[in-house]
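Next come the chains, spelled out residue by residue.
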Amino acid sequence: MSRAPALAEATRESLRIVAGEEWRRERLQGLIQRFRHGVRRIGLPLAESSTPIQPIVLGATERAHRWSEALQRAGILVAAIRPPTVPEGSARLRVTLSAAHTPAQVDALLAVLAETA
């Protein structure tokens, strides 16, 4: 059974959304800026990125793992990225934002990060 028609229709619909719903990109850019400003205010080492993926470089593998677990206990899913995926000594949290997130959710994430720091 061919999946080509369903795949073609899904692609067509995604292109319609991208072309017709500019607000999603604007909302996402606003959330990224809110997050980056908040992280800088906390004083965490944030890697340069204008994308929805915002790496907080914590260094030690154990530290990244502890922070990821603290966030998970607060109901926030943020993966710890550790060697060998990244170089030794550059373990990080991989925060991924989307237009589906709310400013309140970003603020809750920042509050837990500040408490953990």
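Residues numbered from 1 in each chain as written. Predicted model: local features only at pLDDT ≥ 70, side-chain atom pairs only at ≥ 80, totals over all residues. Heavy atoms only, no water.

### As for the pairing of strand β3 (residues 91-96)
Stage number 1. Bridge count between strand β1 (residues 53-59) and β3: six bridges; the pairing is antiparallel. The partner of Ile56 across the bridge, within β3, is Leu93. (Pairing = 2+ DSSP bridges. Helix = DSSP H or I, 4+ residues; strand = E, 2+ residues; numbered from the N terminus.)

### Here's the deal with the sheet that holds β3
Stage number 1. Taken together, the three strands give an open sheet; going across it, the order is β1-β3-β2, and neighbouring strands pair in antiparallel fashion. In this open sheet, the two strands that pair with only one neighbour each are β1 and β2 (79-81). Adjacent strand axes in the sheet meet at a mean angle of 30°, parallel and antiparallel pairs treated alike. (Axes fitted to C-alpha atoms, helices over the stretch in contact; angles between N-to-C directions.)

### A short note on the packing of helix α3 (residues 61-73) against helix α4 (residues 103-116)
Packed helices, taken two at a time, are described by their axes: the angle between them and the distance between them.
Stage number 1. Interaxial distance between α3 and α4 falls to 10 Å at its minimum, and their mutual angle equals 135°. By the angle between their directions, the pair α3 and α4 is classed as oblique. In the packing of α3 onto α4, the handedness of the crossing is right-handed. Together, Trp67, Ala70 and Leu71 of α3 and Leu109, Val112, Leu113 and Thr116 of α4 make up the contact between the two elements.
Stage number 2. Class assignment of the residues belonging to the contact of α3 with α4 gives a composition of six nonpolar, one polar and no charged. (Parallel < 35°, antiparallel > 145°, perpendicular 65-115°, else oblique. Left-handed = near helix turned anticlockwise from the far one by under 90°. Contact = heavy atoms within 4.5 Å. Nonpolar A, V, L, I, M, F, W, Y, C, P; charged D, E, K, R; others polar.)

### Details of the confidence of the model for the protein chain
Low pLDDT means the predicted coordinates in that region are not meant to be read closely.
Stage number 1. Chain-level pLDDT for the protein chain is 94 on average; 99% of the residues reach the 70-or-more range.
Stage number 2. Considering each helix and strand of the protein chain separately, the mean pLDDT is smallest for helix α1 (residues 4-20), with a value of 88, and largest for β3, with 98. (pLDDT = per-residue confidence, 0-100.)

### Some thoughts on the pattern of salt bridges
A side chain with one charge can pair with a side chain of the opposite charge if their charged atoms come near.
Stage number 1. Per the stated rule, a full pass over the model turns up six salt bridges.
Stage number 2. Arg25 is the salt-bridge partner of Glu22, the closest N and O atoms lying 2.4 Å from each other. Of this pair, Glu22 and Arg25 both sit in helix α2 (residues 22-42), three residues apart, roughly one helical turn.
Stage number 3. You can call Glu22 partly exposed: its relative accessible area is 40%.
Stage number 4. Residue classification places Arg25 among the partly exposed residues on the basis of a relative accessible area of 37%.
Stage number 5. Salt-bridge contacts for Arg34 lead to Asp107; the nearest nitrogen and oxygen are separated by 2.8 Å. In this pair, Arg34 sits in helix α2 while Asp107 sits in helix α4, placing the two residues 73 residues apart along the sequence.
Stage number 6. Under the relative-accessibility criterion, Asp107 is labelled partly exposed at 34%. (Salt bridge = Lys/Arg side-chain N within 4 Å of Asp/Glu carboxyl O. Buried < 20%, exposed > 50% of the residue type's maximum accessible area, 1.4 Å probe, protein only.)

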